[in-house]
Amino acid sequence: MRRENRTFSELQVGDSAELRRVCTADDLFVFASASGNHNPLHLPGYDLDQDGRQDDVTAPAMWVGSLISAVLGNILPGAGTRYRSQKFEFLGRAKAGDDLVARVRLTEKRDDGDVVLATTVYREEPEELLLKGEAVVTAPNTKIEYEAQDIPGLVVERHRHFDALVARAETLEPLTVAVVAPEEPNSLGGALLAARHHLITPILIGARAKIEAAAKDCGQSLDGIEILDVTDHAAASNLAVDLVAQHRVGAVMKGHLHTDELLHAALRKENGLRSGRRFTHIFVMDVPGLAHPLLVTDAAINIQPDLATKIDIVQNAIDLAISLGIAQPKVGVLSAVETVNPQIPSSVDAALLSKMAERGQISGGLVDGPLAMDNAIDVAAARTKGIVSPVAGHADILVVPNLDAGNMVAKQLTYVSHAEGAGLVMGAKVPIILTSRADSAKARLASCAVAAIHHARMSALVSAARDGAR
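About the thresholds
Residues numbered from 1 in each chain as written. Predicted model: local features only at pLDDT ≥ 70, side-chain atom pairs only at ≥ 80, totals over all residues. Heavy atoms only, no water. Helix = DSSP H or I, 4+ residues; strand = E, 2+ residues; numbered from the N terminus. Areas by Shrake-Rupley, 256 points an atom, 1.4 Å probe, with all protein chains shown as cover. Lys, Arg positive; Asp, Glu negative; His and termini not counted. Charge placed at Lys NZ, Arg CZ, Asp CG, Glu CD. Buried < 20%, exposed > 50% of the residue type's maximum accessible area, 1.4 Å probe, protein only. Contact = heavy atoms within 4.5 Å. pLDDT = per-residue confidence, 0-100. Disulfide = S-S within 2.5 Å. Salt bridge = Lys/Arg side-chain N within 4 Å of Asp/Glu carboxyl O. Arc of directions from axis to C-beta. Pairing = 2+ DSSP bridges. Axes fitted to C-alpha atoms, helices over the stretch in contact; angles between N-to-C directions. Polar contact = N/O pair within 3.5 Å; in protein donor to acceptor, adjacent residues only side chain to side chain.

Quick look at the overall build of the chain now. Summing up its helical and strand segments, the chain has 13 helices and 18 strands in all. Across its three principal directions, the C-alpha atoms of the chain cover 90 × 55 × 50 Å. Surface exposure of the chain reaches about 22400 Å², of which carbon and sulfur atoms provide 50%. For the chain, the distance from the average site of its 46 positive side-chain charges to the average site of its 58 negative ones is 1 Å.

Here the focus is the environment of Ala169. Within the element layout of this structure, Ala169 appears in helix 3 (residues 160-169). Taking relative accessible area as the criterion, Ala169 reaches 1% and is therefore assigned buried. When the C-alpha atoms of Ala169 and His197 are compared, they prove to be 9.0 Å apart, with 28 residues separating the residues in sequence. Apart from the residues lying within four places of it in its own chain, the contact partners of Ala169 are Leu199, Ala449, Ala452 and Ile453.

Our focus in this paragraph is the confidence of the model for the chain. Taken residue by residue, the chain gives an average pLDDT of 91. The fraction at 70 or more is 95%. Confidence over residues 50-54 falls short of pLDDT 50; this stretch has six contacts with residues more than four positions distant or in other chains.

What follows deals with the state of the cysteines. Taken as a whole and judged by the stated rule, the model has zero disulfides. We note that Cys448 lacks a disulfide partner, and the nearest cysteine sulfur, in Cys218, lies 15 Å from it.

Once that is clear, we can look at the pattern of salt bridges. For the structure shown, the criterion picks out 23 salt bridges. A salt bridge links Glu89 to Lys132; the nearest nitrogen and oxygen atoms lie 4.0 Å apart. Pair noted here: Glu89 is in strand 3 (residues 82-90) and Lys132 is in strand 6 (residues 128-138), with a separation of 43 residues, a long-range link. On the basis of relative accessible area, Glu89 is assigned to the partly exposed category, the value being 41%. Given the relative accessible area of 37%, Lys132 is considered partly exposed. Here Arg278 makes a salt bridge to Asp312, at a shortest N to O gap of 3.5 Å. Taken together, the residues span a long stretch of sequence, with Arg278 in the loop between helix 7 (259-266) and strand 12 (280-286) and Asp312 in helix 8 (residues 307-323) at a distance of 34 residues.

All right, on to helix 7 then. The set of residues buried in helix 7 consists of Leu262, Leu263, Ala265 and Ala266. Burial along helix 7 is one-sided: seen end-on, the buried residues are contained in an arc of 155°. In helix 7, the exposed positions that point more than 90 degrees away from the buried face belong to Asp260 and His264.

Turning our attention to unusual backbone geometry. Here the bond from Leu76 into Pro77 is cis, since omega is 0°, no more than 30 degrees from zero. Note that the residue after Thr297, namely Asp298, is joined by a cis bond; omega there is 0°. Within the secondary structure, Asp298 sits in the loop between strand 13 (294-297) and helix 8. We note that His247 has phi near 60°; this positive angle belongs to a residue other than glycine. With respect to the element layout, His247 can be found in the loop between helix 6 (233-245) and strand 11 (251-254).

A few words on the sheet that holds strand 17 (residues 420-426). Across the sheet, 11 strands lie side by side as 10-9-8-11-18-17-12-13-16-14-15; this open sheet has mixed pairing. One side of each edge strand has no neighbouring strand; the edge strands of this open sheet are strand 10 (226-229) and strand 15 (366-371). Bridge analysis of strand 14 (residues 330-334) against strand 15 gives four bridges, and the strand direction is parallel. Across the sheet, Val331 pairs through a bridge with Val367, a residue of strand 15. Against the sheet, helix 3 touches strand 12 and strand 17, its axis set at about 110° to strand 12.

Pairing within the open sheet is antiparallel, and its five strands lie in the order 2-4-5-6-3. Whereas interior strands pair on both sides, the edge strands pair on one side only; in this sheet they are strand 2 (16-22) and strand 3. Going across the sheet, the axis of each strand differs from the next one's by a mean of 20°, ignoring polarity. With eight bridges connecting them, strand 3 and strand 6 associate as antiparallel partners. Counted as the bridge partner of Phe88 is Gly133 from strand 6.

Across seven bridges, the pairing between strand 2 and strand 4 (residues 99-109) is antiparallel. If you follow Ser16 over to strand 4, its bridge partner there is Arg105. Summarising the sheet, strand 4 and strand 5 (residues 114-123) pair through nine bridges and their orientation is antiparallel. Looking at strand 5, one finds that Arg103 is bridged to Thr120.

Relative to the assigned elements, Arg6 resides in the loop between strand 1 (2-4) and strand 2. Setting aside anything within four residues of it in sequence, one finds Arg6 in contact with Leu11, Asp15, Ile75, Leu76, Pro77, Pro140 and Lys143. A polar contact of 2.9 Å, which involves the side chain of Arg6, links it to the side chain of Asp15.

Listed below in structure tokens is the structure:
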């Protein structure tokens, strides 16, 4: 981007400029490192009240104030500007995720080359004046034109959301999980890692000889772990489902076998795992730089879902997001366009899903669509298109049109944005932990944590309902 400054002679009283900025969790880490202010009030991941939760992370007041310097140095007056003084009055607090607007307005030109500017910072939604003040700067006398530099984005911490989920799950009773065919090091290692973190108590179902060989390959001990020796994958899958019916396990985990074999057993008519909803797959993705986990659905089970299937896809994702601590999940239903086009079925489905949520046929979250990918997750893109919605730019859940699109979105986030995804099948009587051969140990661990957290919440709801019926 080509930029040029405004020299003292060019400046006029009444001139104004503004910049828009989304406050991210990474901004707060970078500011803490640069300033040395490590106040935990301003750092994601700290629980000040020791209640197992963290309220919205508050941005340091001076970080908000620093946005004014960006306007002065980049636009008005621009390159060559030197600060003389700055007064601030802080009226409100910004937090991670807020959309902020920093504005300056020239109020006085002085004979010595200084100029005075009124300065403000607003939060856009809900609208609130956070800061007001006055800056005195020496304006440049020399015209400067330059190419604005693209400063590389900083990713200061990976796995922030996964680490938080694991820490939360570690406070729960371990979830007993039937692990089907953990017959190679990755699938076995993920289950054993989750056991070491006290997230699950695994029951290993598969060929004992292969399981023991895998344990040897990854240098792990199987002492104290129950192994059910079943060499056939279909039989192992059916035994895992039997253990659910017998109330011996609270979840099923895929090991080294085809997904279809496991789901075939789960969908059987007698003592299967059907719950009345369709089985749907959800990726809980930890995207570096994003202030919250991002759920993507359905990218693994439903190939070309119709409207009825999408209703369950949306509701299952909302239920899981609530379990993960998102009080009112924002659901962006994706299409190629932002307006309803009868020639694009996904746009029609998106509009219908939105209206069904408004009427209470889908509950627990805010649903909006059709939204293109950029408008669902980027505030600036939504603003440029003139989309006014509490979901646009803030989506916690992305509902894709079909499996092709979901697979592409998930892999783009993984391989381009360096995200990692925890995989879970919802709609069954118990969570089905669905991992792939390419998943890292962290992703497998997070998948177990997500299952444990969701199972704990659902069990609590069932207990509360029983107590209320007595």
